[in-house]
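What follows is the residue order along each chain.
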Amino acid sequence: MTTTSLITRAAEGMAMLGGIILFAIVTVTTVNSAGFALDKIARLWGGSVSGLPGFEDIVTLLVAPAIILFFPYCQLRMGHVAVEFFTARLPQAARRTMDRTWAAGMGLTALFLLYWLPLAMLDNRADGAVSRVLGWTEWPFFIPGFFALALWAAICFAQVAGTLEITGETDV
């Protein structure tokens, strides 16, 4: 297995994990909303149906890991927002140079975040931060970010070096 295919599979796997987490968030939100709707109906007959306790905690703790797990795949496919109004008519070589320059900037951004994330996690752990309702320890939810940011940076710099193709480019 080549390094390129390994990086691609890792980015796809992280995106799939992010999708599974988002699906869990949507499921919990749907169940909680259904509980509130059923509660309105049950009150007509003197009953009650409660929502999920700690719903907000679950969503709050899972949203950031879910999102950050998509960053490597997004970079791999050049799926970031781009305004090509001014660059659409440039020669292919100029657009490729611009894409590599932006990939370098994104790689530096990923490294910057990768530097600060462990510091934030350690601070969170030292503070003993727990979720308000469920009492879940918050710092473990930082861990997926390390892997995602490292892979994101690796993809960026592989694109800059030309060892990983920049896909998603539009030809005019």
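Residues numbered from 1 in each chain as written. Predicted model: local features only at pLDDT ≥ 70, side-chain atom pairs only at ≥ 80, totals over all residues. Heavy atoms only, no water.

*Asks:* Looking at this structure, how should I read the overall build of the protein chain?
*Replies:* From N to C terminus, the protein chain includes 5 helices and 0 strands. Helices (α) and strands (β) of the protein chain occur, in sequence order from the N terminus, as α-α-α-α-α. The globule rule puts the C-alpha radius of gyration for 172 residues at 16 Å, and the 21 Å found for the protein chain is more than 25% above it. Along the three orthogonal principal directions, the C-alpha set of the protein chain runs to about 70 × 40 × 35 Å. (Helix = DSSP H or I, 4+ residues; strand = E, 2+ residues; numbered from the N terminus. Rg over C-alpha atoms; globule rule 2.2 N^0.38 Å.)

*Asks:* When you look at the layout of surface pockets in this model, what are you seeing that I'm missing?
*Replies:* Any empty space left between atoms is shown by rolling a water-sized probe over those atoms. In this model, the second largest pocket occupies a volume close to 170 Å³. In terms of lining residues, the second largest pocket is bounded by Thr60, Leu61, Ala64, Pro65, Ile68, Leu117, Glu138, Phe141, Phe142 and Gly145. With 5 residues, the single largest contributor to the lining of the second largest pocket is helix H2 (residues 55–68). The residue makeup of the lining of the second largest pocket, split by class, is 7 nonpolar, 2 polar and 1 charged. (1 Å grid on protein atoms, 1.4 Å probe; cavity = no way out; pocket = protein on both sides within 12 Å on 5 of 7 lines; lining within 4 Å. Points joined across faces, edges and corners; volume = space filled by probe spheres on them. Nonpolar A, V, L, I, M, F, W, Y, C, P; charged D, E, K, R; others polar.)

*Asks:* Could you clarify how one ought to interpret the environment of Thr3 in this entry?
*Replies:* Along the polypeptide, Thr3 turns up in helix H1 (residues 3–43). Considering only alpha carbons, one finds Thr3 and Gln92, 89 residues apart in sequence, at a separation of 26 Å.

*Asks:* Would you mind showing me how to read the nonpolar core here?
*Replies:* Residues Ile21, Leu151, Ile155 and Leu164 are the most contacted members of the largest nonpolar core, which totals 27 residues. Mapped onto this core, the elements with two or more residues apiece are H1, H2, helix H4 (92–127) and helix H5 (143–161). If you tally residues by element for this core, the top one is H5, at 9 residues. Look past the residues within four positions of Ile21 in its chain and what remains in contact with it is Leu62, Ala66 and Leu69. (Core = buried A, V, L, I, M, F, W, Y, C linked by side-chain atoms within 4.5 Å. Buried < 20%, exposed > 50% of the residue type's maximum accessible area, 1.4 Å probe, protein only. Contact = heavy atoms within 4.5 Å.)

*Asks:* Sorry if this is basic, but what is going on with a nonpolar patch on the surface here?
*Replies:* A cluster of nonpolar side chains, namely Leu38, Ile41, Leu44, Trp45 and Val49, defines an oily patch on the protein surface of about 570 Å² accessible area. Position of Ile41 among the secondary structure elements: in helix H1. (Patch = residues over 30% accessible without salt bridge, like charges linked within 9 Å, V, L, I, M, F, W, Y side chains within 5 Å. Areas by Shrake-Rupley, 256 points an atom, 1.4 Å probe, with all protein chains shown as cover. Salt bridge = Lys/Arg side-chain N within 4 Å of Asp/Glu carboxyl O.)

*Asks:* In this structure, what is going on with the packing of aromatic side chains? I would like to understand it.
*Replies:* In this description, a pair of aromatic rings is defined by centroid distance and the angle of the planes. In the structure shown here, the tally under the stated rule is 4 aromatic pairs. Taking the centre distance of 6.4 Å and the plane angle of 10 degrees together, the rings of Trp136 and Phe141 count as stacked. A relative accessible area of 37% places Trp136 in the partly exposed class. Taking relative accessible area as the criterion, Phe141 reaches 24% and is therefore assigned partly exposed. In textbook terms, an aromatic cluster arises when at least three aromatic residues are bridged by ring pairs, as seen for Phe112, Tyr115 and Trp116. The cationic tip of Arg125 hangs over the ring face of Trp139; the distance from NZ or CZ to the ring centre is 4.8 Å. (Phe/Tyr/Trp six-rings, centres within 6.5 Å; stacked < 30°, edge-to-face > 60°. Lys NZ or Arg CZ within 6 Å of the ring centre and 35° of its normal.)

*Asks:* Just checking my understanding: could you explain the packing of H1 against H5 for this structure?
*Replies:* Between two packed helices, both the angle of their axes relative to each other and the distance between the axes serve to describe the pair. Between H1 and H5, the least distance of the axes is 11 Å, while the angle of their chain directions is 140 degrees. Here H5 runs oblique to H1, going by the angle between their axes. Between H1 and H5 the crossing geometry is left-handed. Across the interface between the two elements, Ile7, Ala10, Ala11 and Met14 of H1 pack against Phe147, Ala148, Leu151 and Ile155 of H5. Per-class residue counts for the contact of H1 with H5 are 8 nonpolar, no polar and no charged. (Axes fitted to C-alpha atoms, helices over the stretch in contact; angles between N-to-C directions. Parallel < 35°, antiparallel > 145°, perpendicular 65-115°, else oblique. Left-handed = near helix turned anticlockwise from the far one by under 90°.)

*Asks:* It is not clear to me how H5 should be interpreted in this structure. Could you clarify?
*Replies:* Given 3.6 residues per turn, any residue in an α-helix points the same way as the ones three and four places further on. Taking 1.5 Å per residue, 19 residues should reach 27 Å; H5 reaches 28 Å between its end C-alpha atoms and fits that length. Burial in H5 covers these residues: Gly145, Phe146, Ala148, Leu149, Leu151, Trp152, Ala153, Ile155, Cys156, Ala158 and Gln159. Where H5 is buried, its residues contact H1, H2, helix H3 (71–76) and H4. Phi for Gly162, located one or two positions after H5, is positive at around 85 degrees. (Expected span 1.5 Å × (residues − 1).)

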